[in-house]
There are 2 protein chains.
Amino acid sequence: MNKSIILHIIGWILTMEAALMSLSGIVAIIYQEKSGFAFLITMALCLVIGVPLVLHKPKSNVFFAKEGFISVAMGWIILSITGALPFFISGEIPSYVDALFEVISGFTTTGSSILSDVEALSYCMLFWRSFTHWIGGMGILVFILAILPMAGGESMHIMRAESPGPSVGKLVPRMRTTAFLLYIIYFGMTVLQIVLLLIGGMPLFDSLTITFGTAGTGGFAIKNASIAPYSPYLQNVITIFMFLFGVNFNIYYLVLYKKIKVAMKSEELRWYFIIVISAILLISLNIGGFKNFFSSIHHAAFQVSSIITTTGYATFDFNTWPTFSKTILLGLMFIGACAGSTGGGIKVSRIVILFKTLGKEMSYLIHKRSVKVLKIDGKKIEHETMRSINVFFVTYIIIFAVSVLLVSIDNFDFITTFSAVAATLNNVGPGLEVVGPIGNFGEFSYFSKFVMMFDMLAGRLEVFPILLLFAAGTWKK
Amino acid sequence: MNKSIILHIIGWILTMEAALMSLSGIVAIIYQEKSGFAFLITMALCLVIGVPLVLHKPKSNVFFAKEGFISVAMGWIILSITGALPFFISGEIPSYVDALFEVISGFTTTGSSILSDVEALSYCMLFWRSFTHWIGGMGILVFILAILPMAGGESMHIMRAESPGPSVGKLVPRMRTTAFLLYIIYFGMTVLQIVLLLIGGMPLFDSLTITFGTAGTGGFAIKNASIAPYSPYLQNVITIFMFLFGVNFNIYYLVLYKKIKVAMKSEELRWYFIIVISAILLISLNIGGFKNFFSSIHHAAFQVSSIITTTGYATFDFNTWPTFSKTILLGLMFIGACAGSTGGGIKVSRIVILFKTLGKEMSYLIHKRSVKVLKIDGKKIEHETMRSINVFFVTYIIIFAVSVLLVSIDNFDFITTFSAVAATLNNVGPGLEVVGPIGNFGEFSYFSKFVMMFDMLAGRLEVFPILLLFAAGTWKK
């Protein structure tokens, strides 16, 4: 293992975090909040550790998949450990474990909160809390890759470890350019949403923070009632942007470069559409019946868009909905958004491929020895990809089951336990019952909170980086 | 597709069913019950359809995996359609759909009941209800294979389609002898349990029916309070036999032939032991604490043994247990018993192999290109087996998720919906809440009942035979 290069990367992460945190410092200055000092202290700490690591050039550039996974996993953990400090130092979240939970929930774009009263936080803290979603959505390492010159080999492995989805599509031959283009699209869409919210009369601070939560598909709101207090226009803008941030960013790249035909061929996009539309129709019918079908579409669309993209904003306490609608939402949590988007969950493309392997098995059983080639978007799915998707799925379910078992020790009711793990592992945010849209995660024991922090990281980094970090074999010489 | 041979096999199934039903007729005679006529009518019907099919020799002996799957799937459905008739004709279960649910639950050794008052049934009906467990446990087609001369090729495919587990172990080179030996062991253990129950003072009728439910890991009881009314000795005998019927029958064969060393090497057996013991200890600690630890072991052991083998007998309403214990039980439902036993669920060996593929993936990521050979019981796991286990697991989870969605339309609470599907798909019997040990499945809509009938059959026949039956490709020329 090339430890020196990993330390070098961690140095960059800390330095970058300090830079990003300065924005919260500016917010503190504007609102003249004392809590701003907590950012100053944390930034100083990040720079004191980070800058020497950056300056110390790594001895070797050897960089394999393992180094990629470990850099990303350790990077995210250190990012969170320091990112939690402002909440703790300012005393606005008195328990450090809670602060850590909150910031991991932020960076992983989960949006599960331990706070019962969000509105009690100062503006600079609310800003930082929402901004972590934006940073985590596209990935801090991808951000670093995009703006810094790095020696060749590592880019691919880092992208692969940090980006969501079964395979990383290079937009252009050079990985660095790909990372840069991704951030340009991300930034552009963010600005567009902010403008549309401002047009609808939303205050600037709200527009910024809520857009950060939408763009990263995070879900931290700055009001206790989440998005319910805003006008239907604003809610609809958010509905549409949640949906858009759940689309594979490659599609936007293709659209920008006028390859719309290629973009429209994407099977994942098609299924993402079909799933979203069917879910909205079924839920509208279920909660409104034929009579109030159309008036129910507004809430149904918001919630479906929020849950499938694993954002987690709410306009309505869906705890009160019938079991059928709640089951659909729970299913959507696991399906998740498209690969290569900022959303979490298993990802539509993996689900599509899993269904295809099932179809292949059936035809194999019917016509023994006929080997059907699996295709997606007209291209053959490599055996390697299928295998890794299968293993991913199995691992995902195992982590889910073990986590439910561990959290059940807290003896909350079954739905709370089950949905709390589903919401954190899939980076959704709210679950049902105690952790429903109007509840929070504060009452869990520290032990359960650590389990769910693990789940949030495992969910965001797609399981293997975090698992590798804890595997004995990784650290053997 | 060789339809004539499939019809021939179905003929045998109907004829055999009539023969087996005659035992219930005898019970009716002993207790002088009018309901006995319902068996006479059904037997006549089975013979009228079955005997001509048996006498009509199939044109060709071509028999592939597809024919095996379809014979088994159709055979089981026809077995159930006719097996439900006595309940319906006698009027003891007034709705035919309910009677069908009950008998499918019987044959698939699930043990989920639509009856709120079991004790209202006549003796001959109770006998038939429990006897279906015994028939379904080892499989009716395996039974037919064991006692009838059949032309070569089909045996293997039928065994493969009807027997639980990822691979069928041939005990001896000839499949027919294997089937015969399996039934000898099954029969012997059944007799042993009956004797031990009689020694403990249980009435003969109770001993017979309860043993049928234990041997098939079914779980239909003849008292409303399941096994609670019996003495601790009797409960302990049942605990032990539930555990034993969950062991791979190959192990007993090896023990009988004094190959104990080979038997003890079985990794599945070892893990089955470890899982059972850990579950008992954890639940005892959870429900009894350190103070009542030892007094809790009795109930914990019974319930763990009952649930992991997917029997479903109860001595205690585990609905009242803490969430941690309930979560363990829910996990055990999915793990299930050993392959090649009469139990349901995913099976311990599949779970072990899934964990091993996860381990392989990790080592693959750590040491790129190192190909680790997966072994079980010292033998290499074929790529083919791993692939089919992965596909099985994915399919299982998909069926589970879709079923939960469909059943949730009934708008029962989430735990009821979730656990009802888990209990039927895994052939366990009782779930939690409304369908808990003291509840029943009677209140579900017909639609949900059909979904769960599908699940019970899919669970017992390990998914693919039933899926193939509904696949369009199967019926194309």
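Before any of the text, the structure's been laid out above.
Residues numbered from 1 in each chain as written. Chains lettered and ligands numbered in written order. Predicted model: local features only at pLDDT ≥ 70, side-chain atom pairs only at ≥ 80, totals over all residues. Heavy atoms only, no water.

Colleague: Can you help me understand a nonpolar patch on the surface in this one?
Modeller: Together, Leu23, Ile26, Ile30, Tyr31 and Tyr123 of chain A make up an exposed nonpolar region whose accessible area comes to about 470 Å². As for its placement among the helices and strands, isoleucine 26 of chain A is situated in helix H1 (residues 3-30). (Patch = residues over 30% accessible without salt bridge, like charges linked within 9 Å, V, L, I, M, F, W, Y side chains within 5 Å. Areas by Shrake-Rupley, 256 points an atom, 1.4 Å probe, with all protein chains shown as cover. Salt bridge = Lys/Arg side-chain N within 4 Å of Asp/Glu carboxyl O. Helix = DSSP H or I, 4+ residues; strand = E, 2+ residues; numbered from the N terminus.)

Colleague: How should the packing of aromatic side chains be read in this particular structure?
Modeller: Geometrically, a pair of aromatic rings is defined through the distance of the ring centres and the angle of the planes. In this structure the tally under the stated criterion is 70 aromatic pairs over all chains. Here phenylalanine 39 of chain B and tryptophan 128 of chain B contribute two aromatic rings whose centre-to-centre distance is 6.3 Å and whose plane-to-plane angle is 80 degrees, an arrangement assigned as edge-to-face. Pair noted here: phenylalanine 39 of chain B is in helix H2 (residues 36-55) and tryptophan 128 of chain B is in helix H6 (residues 123-138), with a separation of 89 residues, a long-range link. The same class applies to phenylalanine 39 of chain B as to tryptophan 128 of chain B, namely buried. The ring of tyrosine 364 of chain A carries arginine 387 of chain B above its face, with NZ or CZ at 5.2 Å from the centroid. (Phe/Tyr/Trp six-rings, centres within 6.5 Å; stacked < 30°, edge-to-face > 60°. Buried < 20%, exposed > 50% of the residue type's maximum accessible area, 1.4 Å probe, protein only. Lys NZ or Arg CZ within 6 Å of the ring centre and 35° of its normal.)

Colleague: Sorry if this is basic, but what is going on with the relation of the copies chain B and chain A here?
Modeller: Put simply, the two copies of the chain differ by a rotation about an axis and a shift along that axis. Once chain B has been moved 0.0 Å along the axis and rotated by 180 degrees, it coincides with chain A to within an RMSD of 0.0 Å. Accordingly, the operation relating the two chain copies is best matched by a two-fold axis. Of the C-alpha atoms belonging to chain B, the one lying closest to the rotation axis is found on asparagine 390 of chain B, 3.2 Å away. Here 98% of the contact residues of chain B are again contact residues in chain A; the copies associate through an equivalent surface. (Least-squares fit on C-alpha atoms with pLDDT ≥ 70 in both. Contact = heavy atoms within 4.5 Å.)

Colleague: How should the pattern of salt bridges be read in this particular structure?
Modeller: Where charged atoms of side chains with opposite charge meet at close range, the side chains can pair. All names here are of chain A. Counted under the stated rule, the structure contains 14 salt bridges over all chains. Note that glutamate 462 is salt-bridged to arginine 350, the shortest N-O span being 2.8 Å. With glutamate 462 in the loop between helix H20 (446-460) and helix H21 (464-470) and arginine 350 in helix H17 (residues 348-366), this pair connects stretches of sequence that are 112 residues apart. In this structure, glutamate 462 and arginine 350 share a single accessibility class: buried.

Colleague: Help me understand the interface of chain B and chain A, please; the structure alone is not making it clear to me.
Modeller: Many descriptions give the size of an interface as the accessible area lost when the pieces come together. Facing 46 residues of chain B, the contacting portion of chain A comprises 45 residues. Linking chain B with chain A are two salt bridges, by the criterion used here. There are nine residue pairs in polar contact (both at pLDDT 80 or more) connecting chain B and chain A. For the side of chain B that touches chain A, the secondary structure elements donating two or more residues are helix H3 (65-83), helix H16 (323-335), helix H17 (348-366), helix H18 (383-407), helix H19 (414-425), helix H21 (464-470) and helix H22 (472-475) of chain B. For the side of chain B that touches chain A, the element with the most residues is H18 of chain B, which contributes 13 residues. Among the residues forming the side of chain B that touches chain A, the class breakdown is 28 nonpolar, 13 polar and five charged. (Polar contact = N/O pair within 3.5 Å; in protein donor to acceptor, adjacent residues only side chain to side chain. Nonpolar A, V, L, I, M, F, W, Y, C, P; charged D, E, K, R; others polar.)

Colleague: Would you take a moment to explain H6 of chain B for this structure?
Modeller: All names here are of chain B. For H6, built from 16 residues, the straight-helix expectation of 22 Å at 1.5 Å per residue is met to within 8% by its first-to-last C-alpha distance of 24 Å. Of all 16 residues in H6, 15 are buried; the element is thus mostly enclosed. Count one or two residues on from H6 and you reach glycine 139, which has phi positive near 105 degrees. (Expected span 1.5 Å × (residues − 1).)

Colleague: For this particular structure, what's the right way to read the environment of methionine 159 of chain A?
Modeller: On the secondary structure map, methionine 159 of chain A appears in helix H8 (residues 154-162). Spatially, the C-alpha atoms of methionine 159 of chain A and glycine 68 of chain A are 8.2 Å apart, while their sequence positions differ by 91 residues.

Colleague: Please explain the state of the cysteines as it appears in this structure.
Modeller: Disulfide: a covalent bond connecting the sulfur atoms of a pair of cysteines. All names here are of chain B. Overall, the coordinates contain zero disulfides over all chains when judged by the stated rule. Left unpaired, cysteine 46 is separated from the closest cysteine sulfur, that of cysteine 124, by 16 Å. On the basis of relative accessible area, cysteine 46 is assigned to the buried category, the value being 1%. (Disulfide = S-S within 2.5 Å.)

Colleague: Explain the environment of alanine 73 of chain B here, please?
Modeller: All names here are of chain B. Mapped onto the secondary structure, alanine 73 falls in helix H3. The exposure class of alanine 73 is buried, given its relative accessible area of 0%. The spacing of alanine 73 and leucine 469 is 396 residues in sequence and 6.8 Å in space, taken between C-alpha atoms. If near-sequence neighbours (up to four positions away) are discounted, alanine 73 is found in contact with Leu461, Pro465, Ile466 and Leu469.

Colleague: Even after reading the chapter, I still don't get helix H20 (residues 446-460) of chain B, so can you show me in this structure?
Modeller: Helical geometry: 3.6 residues make up each α-helical turn, so side chains three or four residues apart lie on a common side. Residue and element names in this part refer to chain B. Over its 15 residues, H20 runs 21 Å from end to end, which matches the ideal 21 Å to within 8%, given 1.5 Å per residue. Among the 15 residues in H20, 11 count as buried, and that is most of the element. Turning to H20, its buried residues are Ser448, Lys449, Val451, Met452, Met453, Asp455, Met456, Leu457, Ala458, Gly459 and Arg460. The first or second residue beyond H20 is glutamate 462, which carries a positive phi of 55 degrees.

Colleague: Help me understand the packing of H3 of chain B against helix H5 (residues 96-107) of chain B, please; the structure alone is not making it clear to me.
Modeller: Helix-helix packing is described using two parameters, namely the angle between the two axes and the distance between the axes. Residue and element names in this part refer to chain B. One way to put it is that H3 packs onto H5 with a least axis distance of 8 Å and a crossing angle of 130 degrees. On the basis of the axis angle, H3 is oblique to H5. As for the relative orientation of H3 and H5, their crossing is right-handed in sense. Residue-level contacts link Trp76, Leu79, Ser80, Ile81 and Gly83 of H3 to Tyr96, Leu100, Val103, Ile104 and Phe107 of H5. In terms of residue class, the contact of H3 with H5 is made up of eight nonpolar, two polar and no charged. (Axes fitted to C-alpha atoms, helices over the stretch in contact; angles between N-to-C directions. Parallel < 35°, antiparallel > 145°, perpendicular 65-115°, else oblique. Left-handed = near helix turned anticlockwise from the far one by under 90°.)

Colleague: What's the story with unusual backbone geometry in this structure? I'm lost.
Modeller: Trans peptide bonds make up most of the peptide bonds, and negative phi angles are found at most residues other than glycine. At aspartate 377 of chain B, a residue that is not glycine, the phi angle is positive and equals roughly 55 degrees. Backbone geometry at glutamate 462 of chain B places phi at a positive 55 degrees, although glycine is not the residue there.

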